Each structure stands twice: as C-alpha cells, then as structure tokens.
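So the chains spell out like this:
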Amino acid sequence: MRICIIQSCYIPWRGFFDLVSRCDEYVVYDSAQYVKGHWHNRNRIKTANGIKWLTIPVVTSGRLGQRIDEVEIGKPWAEQHWESLRLAYRNAPFFEQYSPTLKGWYERAGKQTRLTDVNAIFLKGIIELMGFKIRMVSDAAYPKQGDRMERLLSIAQAAGADRYLSGPSAQAYFDEAVFKAAGITPEWMSYAGYPEYPQLHGDFQHAVTVLDLLFNVGADASRYLGSAA
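A.B. asks: Even after reading the chapter, I still don't get the pairing of strand β3 (residues 42-47), so can you show me in this structure?
C.D. replies: On any regular strand, side chains alternate: one points to one face of the sheet, the next to the other face. The buried fraction of β3 is high, at five of six residues. Judged from the six bridges that link them, β3 and strand β4 (residues 50-55) form a sheet pairing that is antiparallel. Directly across from Arg42, in β4, lies its bridge partner Thr55. Between the end of β3 and the start of β4, which pair antiparallel, lie two residues.

A.B. asks: Looking at this structure, how should I read the environment of Asn119?
C.D. replies: Looking at the element boundaries, Asn119 is found in helix α4 (residues 115-129). Asn119 gets classed as buried once you look at its relative accessible area, which sits at 0%. It is 6.3 Å that separates the C-alpha atoms of Asn119 and Ser8, two residues lying 111 residues apart in sequence. Not counting chain neighbours up to four residues away, the residues in contact with Asn119 comprise Ser8, Cys9, Tyr10 and His40.

A.B. asks: Just checking my understanding: could you explain the nonpolar core for this structure?
C.D. replies: Grouped burial of nonpolar side chains is what soluble globular proteins tend to show. Within the largest apolar cluster, 76 residues are counted, with the highest numbers of intra-cluster contacts made by Phe17, Tyr26, Trp77 and Tyr106. Per-element tally for this core: the top contributor is α4, with seven residues. Setting aside anything within four residues of it in sequence, one finds Phe17 in contact with Pro12, Leu123, Ile126, Ile127, Met130, Phe132, Val210 and Leu225.

A.B. asks: How do you make sense of the environment of Leu213 when you look at a structure like this?
C.D. replies: Considering the arrangement of structural elements, one finds Leu213 in helix α7 (residues 210-217). Excluding its chain neighbours within four sequence positions, the residues that come into contact with Leu213 are Arg14, Tyr197, Gly218, Ala221, Tyr224 and Leu225.

A.B. asks: Just checking my understanding: could you explain the sheet that holds strand β2 (residues 25-28) for this structure?
C.D. replies: Hydrogen bonds between backbone groups are what pair the strands of a sheet, and the pairing can be parallel or antiparallel. The strand order β5-β2-β1-β6-β7 describes an open sheet built from five strands, whose pairing is parallel. Edge positions in the sheet fall to β5 (135-138) and β7 (185-188), since each has one partner strand and no second. Averaged over all pairs of adjacent strands, the angle between strand axes in this sheet comes to 25°, irrespective of strand direction. In this structure, strand β6 (residues 163-166) lies alongside β7, joined through four bridges in parallel fashion. The partner of Ser166 across the bridge, within β7, is Trp188. Running over the sheet, helix α1 (residues 14-21) touches β1 (2-6), β2 and β6 and is turned about 145° from β1. Its contacts with the sheet put helix α5 (residues 148-159) on β1, β2 and β6, and the angle it makes with β1 is roughly 145°.

A.B. asks: Help me out: how do you make sense of the packing of aromatic side chains in this one?
C.D. replies: Inspection of every chain in the model, using the stated rule, returns 21 aromatic pairs. A centroid spacing of 4.9 Å and a plane angle of 55° characterise the contact between Tyr164 and Phe179, whose relative ring orientation is tilted. Here Tyr164, found in strand β6, pairs with Phe179, found in helix α6 (residues 176-181); they are 15 residues apart in sequence, far enough to count as distant. Owing to a relative accessible area of 0%, Phe179 belongs among the buried residues under this scheme. Residues Phe174 and Trp188 carry aromatic rings whose centres are separated by 5.3 Å and whose planes lie at 90° to one another, so their mutual orientation is edge-to-face.

A.B. asks: Even after reading the chapter, I still don't get the pattern of salt bridges, so can you show me in this structure?
C.D. replies: Oppositely charged side chains can form a pair if their charged atoms are brought close together. Scanning all chains against the criterion turns up twelve salt bridges. Between Arg135 and Glu25 there is a salt bridge whose closest N-O contact spans 2.9 Å. In this pair, Arg135 is assigned in strand β5 and Glu25 in strand β2, connecting sequence segments 110 residues apart. Accessibility expressed as a relative area gives 46% for Arg135, which makes it partly exposed. Judged by its relative accessible area of 4%, Glu25 falls in the buried class. Ionic pairing is found between Asp117 and Arg114, a salt bridge with its closest N-O pair at 3.1 Å. On the basis of relative accessible area, Arg114 is assigned to the partly exposed category, the value being 33%.

What counts, and where the lines are drawn
Per-chain numbering applies: the sequence of each chain, read as written, is numbered from 1 onward. For a predicted model such as this one, the threshold for reporting local features is a pLDDT of at least 70, and the threshold for listing and counting side-chain atom pairs is 80 or more; totals across whole chains, interfaces and linings nevertheless cover every residue. Each side-chain value is worked out from all heavy atoms of the structure, with water and hydrogens disregarded. Residue exposure (1.4 Å probe, protein chains only): buried if accessible area is under 20% of the type maximum, exposed if over 50%, otherwise partly exposed. Starting at the N terminus, helices and strands are each numbered in turn, a helix being any DSSP run of H or I of at least four residues and a strand any DSSP run of E of at least two. Note on pairing: DSSP must find at least two bridges between two strands before they are called paired. Note on definitions: a residue-residue contact is assigned when non-hydrogen atoms from the two residues lie within 4.5 Å. The set of buried Ala, Val, Leu, Ile, Met, Phe, Trp, Tyr and Cys residues whose side-chain atoms join them within 4.5 Å is what this entry labels a nonpolar core. Between the N-to-C directions of two axes lies an angle of 0 to 180 degrees, each axis being a line fitted to C-alpha atoms and, for a helix, fitted only over the stretch in contact. Pairing of aromatic side chains here covers Phe, Tyr and the six-membered ring of Trp, requires ring centres within 6.5 Å, and sorts the geometry by plane angle: under 30 degrees stacked, over 60 edge-to-face, intermediate tilted. Each reported salt bridge corresponds to a side-chain nitrogen of Lys or Arg within 4 Å of a carboxyl oxygen of Asp or Glu.

Limitation: the analysis is restricted to geometry and does not speak to function.
Structure follows, in structure tokens:
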C-alpha cells in the first residue's frame, strides 16, 4: 500500500496529481505550517497577456506560525478567479465541457471561511474528474504525535502503508533510515520529462495549474502525466 502525505495547494499543477495518482491514499497534511508565498493559496494560469497569478487572499497579520488548517480567507475572491479563468480559457477545446462543474466548485469555495476547505473542494473534484482511484483523507484523522519525521511515520504506519512516495524537495530533511527501520520503503517522485500538450496563448509553459491541461486536452489529460520518454 503506497501513501503520500502532502500539504494542500490551490488548483495545483499536473505534477501534483501525477504523484497522488500513483498512491492508494493521499493524506492532506494541513496541520503543517502555512508558508507565505508558497502554493497553498495561489497558482498560475496562461492568458492572452502572459502568465497570471490567481491568489486567494488570506489572513496572515499577527498569525506567524499558524497551521494551514487554521488559515482564514481574507475577503471575497472566488467570482474574480472564475472570471479570470473564463476569459483565459473560453476558447479552449474543452472549456464548455468542464465550465459548469468548475463554476459550481467556485460557487461552493466562495462560501468557505478556511483555506483548507477551499483547497479540498478543488483537490477532490479534480481527482474525481481525472478518474483517479485514491482515498483522500485529512491528517486530522490520524493520531497527532512527535516532530515532523515522527508524525509522518506515525501516519504511514497507522494507514498500513509499506511504501511512502514524496516529492524531490523533501529529500532535504527526510530521514530514510527511520522509515526503512519501520518496514516502509521511501520512494521519490521525478517531474522530469513531462510531454508538452496543446496550449493556448503562446509558448508552452509547464508550471501552470492542471486546469490548463484539462481545458486543453479533456479526458486525455492522464496521457500527459509522467515522462515522455
């Protein structure tokens, strides 16, 4: 049983979904600290005028060290984000197919008061839309114990995992020996070699939301996950 334990992000890029699609369970690690300027509350789209950031306004003043699941929304944002997506992708081949679903997500998300709940709407929705068979669960469902490594290990053990898949950036702090001693094999994701796909608005850009992929290629989106080699 393979598990991944990752902080939630807002409409992440395709590499995020490539990673979680390879697992049996995705644990949303939102008891981790919120990092300003990270992908927790923002992502990028392609527009006729170049790359545009979509950022969810959140409350950070006086809240240094707050967890992701404690972060509150600062002001209305959803309608503006949806309009930016509509203008950018209305001519994409599959926009009309997906727009009612996406608009519904934004209507629901705009009523939420916490960032973690906003992200959950899009993460669950995109996972289902792309047909991935994976259990998505909050880390709050597991016992809270130990520091970062102990916490990750305790979650993996409680879930019954024997493999742990993580993104390459985690190698900077990850202690493989601790997991191997517990009978859990650490595995590392590579984002190299992703194929290009038809995109609107000029030169190809990899680092944009997965919604760009869905609007442009539709049900073929899963073909563009993984290396082109």
